[in-house]
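Working through the structure, step by step
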Protein chains: 2
Amino acid sequence: MKTSDRILIAATVAFGENGYDGTSLDSLALELGIRKQSILYHYPTKEALLDATVADAIEVLALALSDAVTKSEDGWDRIEKMVRRVFRLAIQRPELLGLLREVSRLGPPTLTKAVKDFDPLIKGATKWLKSEMANGKIVESDPYLLVLSMYSVIMGAATEGNLLEAIGVQQTPRDVVLRRKELLRFLKSALVPVPK
Amino acid sequence: MKTSDRILIAATVAFGENGYDGTSLDSLALELGIRKQSILYHYPTKEALLDATVADAIEVLALALSDAVTKSEDGWDRIEKMVRRVFRLAIQRPELLGLLREVSRLGPPTLTKAVKDFDPLIKGATKWLKSEMANGKIVESDPYLLVLSMYSVIMGAATEGNLLEAIGVQQTPRDVVLRRKELLRFLKSALVPVPK
DNA sequence: AGCATTGCCTACCAAGTGGTAGAAAGTAGA
DNA sequence: TCTACTTTCTACCACTTGGTAGGCAATGCT
C-alpha cells in the first residue's frame, strides 16, 4: 500500500481513539515504522493530515449511506437499511465515527469544512423525510430535528464502545446485534405511524 | 470563592470543551490569573485534577437525577422529569456533560473510576425499569440496553451544541426547548406501551 | 551517461509540556 | 512579637511538541 494511505489510515485510527491533541506525529510515525518527517512530506502539517482523514471519513460514510439509499425501498425500510449500514461501518471501522465525533468537539475550522462536505447529505435526508411525512409513511415532526436526533442516537450507540466495556457490558458480535436491534425498535416506534 | 474551587470549575470547563490533552496547566493558570504552580499545590498532578473534576461532575449529575426521582411519580413521569433535569443541567453547565463524554473517550484508568462511582445509579435505574416493565408501565425490553440507549440519546442531544452551531441550527432557548420536546416524544413513543 | 524528481532520512530548533525545589508573603494563635 | 502553617510565587528542568533544512538513495526520462 502507498505510504500516504498507510499514514492516513493510522492517523484516522489515532485521531479517532486518542483525539487530535492526544496524538503526536512521533507516536504515529513510530507505529508506522517511519520517521515523523516522512509524514510531514506527505501531509505538510498536522492539521492538513487531520483534514485529509476527515475528508476521507466523510466520503466513506457518505458512500455507505448512499449505497443503503439505492438498495432500499421508501419509508421505514430505508431508515432501517441506513442504520444497519452505519452499524456495519461502526463495527468494521469504528475509528471513522470516533473521528467524526472528535471533529465535532474540535470546532472550527475543521468542523466548518466537515459540515460543508456533509451538508448535501443532511439536506437530502431532510427533503426525503419531508416527502415521507407528507405520504404518511413517517410520523409528522420537524425533519431537521429528527435527522439530528437520529444522528446522535446512532452515533452514541455506535461509538460508546469504551463506556460499555468499562461498565462491563459484553461486546461480542451477538451483543452488538442486540443493541442494534434495540435501537431499531427505538427508532421504529418513534418514526412509524401507528396503523389506525 | 476558594482558589481550589475556582481551579476545579475552570478545569471542568476546559477539559469538557478542549479535552484533557487539549488543556495545558499553563493556559488554565493564565485564565485564572495565577501561576501553574499554584494549581499543582492544590492538585498534585494534572491527572489528580482531572479525577477531581470528574468526581465533582458525577456528584452534581447524580444529585440532579436523584432530585428528579424523588419529585416524580412512577412510570413515564419519572423518565420525563429526569430528562428535563438533565437538559436543564446541559443548559446551565454544559461543560459537565462534555467532561463526562471526554472521560468515556479517555478510557482507563479515569473511566474505570468514574464508572465505579456511577454504577449504583445505573444499577438503581435498571432495577426500577425492570419493575416498571413488570407493571406494564414501560415497554418490555432489555433494561440494561435501554439505559444505555437513553444515555446516548440524552448525551448526544445535550452535548452536540458545537455541531448544531456549525450546521447553522439556531441555539436560542426556544430552540433548545423544541429539541427537548422532540426528544421526549421520541422516548415516549418508544417506552410507553400503546393503550389497548 | 546526465539529470531532475520522488521519497525517506538525519540533524536540528524554538516553543510548550508537566513537574520539582525552595524562597517569599500572608495569616493566625501563643 | 515570635512562630508555625498555608498559600503563592520565581526559577528551573527534562522531555515532547510540530516544523525546517538539507542530504542521500532510488527511479525514470532524455
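Scroll up for the structure.
What you are looking at is a predicted structure, and each value in this text was computed from that prediction instead of being measured.

1. Description of the nonpolar core
In terms of nonpolar packing, the biggest core is built from 123 residues, with Leu49 of chain A together with Leu49 of chain B touching the most fellow members. In contact with Leu49 of chain A, not counting residues within four places along its chain, are Ile7, Ala11, Phe15, Leu25, Leu28, Ile39 and Tyr43 of chain A.

2. Remarks on the environment of Gln37 of chain A
Residues and elements named next belong to chain A. Structurally, the position occupied by Gln37 is in helix α3 (residues 36-42). Judged by relative accessible area, which is 52%, Gln37 ranks as exposed. Along the chain, Gln37 and Tyr151 lie 114 residues apart, while their C-alpha atoms are 38 Å from each other.

3. Describing helix α6 (residues 94-106) of chain B
Residues and elements named next belong to chain B. Compared with the 18 Å implied by 1.5 Å per residue over 13 residues, the 19 Å span of α6 between its first and last C-alpha is a close match. Taken across its 13 residues, α6 has 11 buried, putting it largely inside the fold. Within the span of α6, buried status applies to Glu95, Leu96, Leu97, Gly98, Leu99, Leu100, Arg101, Glu102, Val103, Ser104 and Arg105. Phi turns positive one or two residues past the end of α6, at Gly107, with a value near 75°.

4. Quick notes on the pattern of salt bridges
Residues and elements named next belong to chain A. Within this structure, the stated rule accounts for 24 salt bridges over all chains. Put simply, Arg93 and Glu95 hold a salt bridge, and the shortest N to O gap is 3.2 Å. In this structure Arg93 comes out as partly exposed when scored by relative accessible area, which is 24%. You can call Glu95 buried: its relative accessible area is 12%.

5. As for the packing of aromatic side chains
All names here are of chain A. Taken as a whole and judged by the stated rule, the model has 2 aromatic pairs over all chains. Arranged with centres 5.4 Å apart and planes meeting at 55°, the rings of Phe15 and Tyr20 form a pair that is tilted. Judged by its relative accessible area of 15%, Tyr20 is buried. Taking the ring centre of Tyr20 as reference, the NZ or CZ of Lys46 above it sits at 4.3 Å.

6. A few points about the relation of the copies chain A and chain B
The operation relating chain A to chain B is a screw motion whose rotation component is 180°, with 0.0 Å of axial translation and a residual RMSD of 0.0 Å. What we have between these two chains is a two-fold relation. Minimal C-alpha distance to the rotation axis in chain A is attained by Val153 of chain A, lying at 2.4 Å. Interface residue correspondence from chain A to chain B reaches 100%, placing this contact among same-surface, isologous pairings.

About the cut-offs
Residues numbered from 1 in each chain as written. Chains lettered and ligands numbered in written order. Predicted model: local features only at pLDDT ≥ 70, side-chain atom pairs only at ≥ 80, totals over all residues. Heavy atoms only, no water. Core = buried A, V, L, I, M, F, W, Y, C linked by side-chain atoms within 4.5 Å. Buried < 20%, exposed > 50% of the residue type's maximum accessible area, 1.4 Å probe, protein only. Contact = heavy atoms within 4.5 Å. Helix = DSSP H or I, 4+ residues; strand = E, 2+ residues; numbered from the N terminus. Expected span 1.5 Å × (residues − 1). Salt bridge = Lys/Arg side-chain N within 4 Å of Asp/Glu carboxyl O. Phe/Tyr/Trp six-rings, centres within 6.5 Å; stacked < 30°, edge-to-face > 60°. Lys NZ or Arg CZ within 6 Å of the ring centre and 35° of its normal. Least-squares fit on C-alpha atoms with pLDDT ≥ 70 in both.

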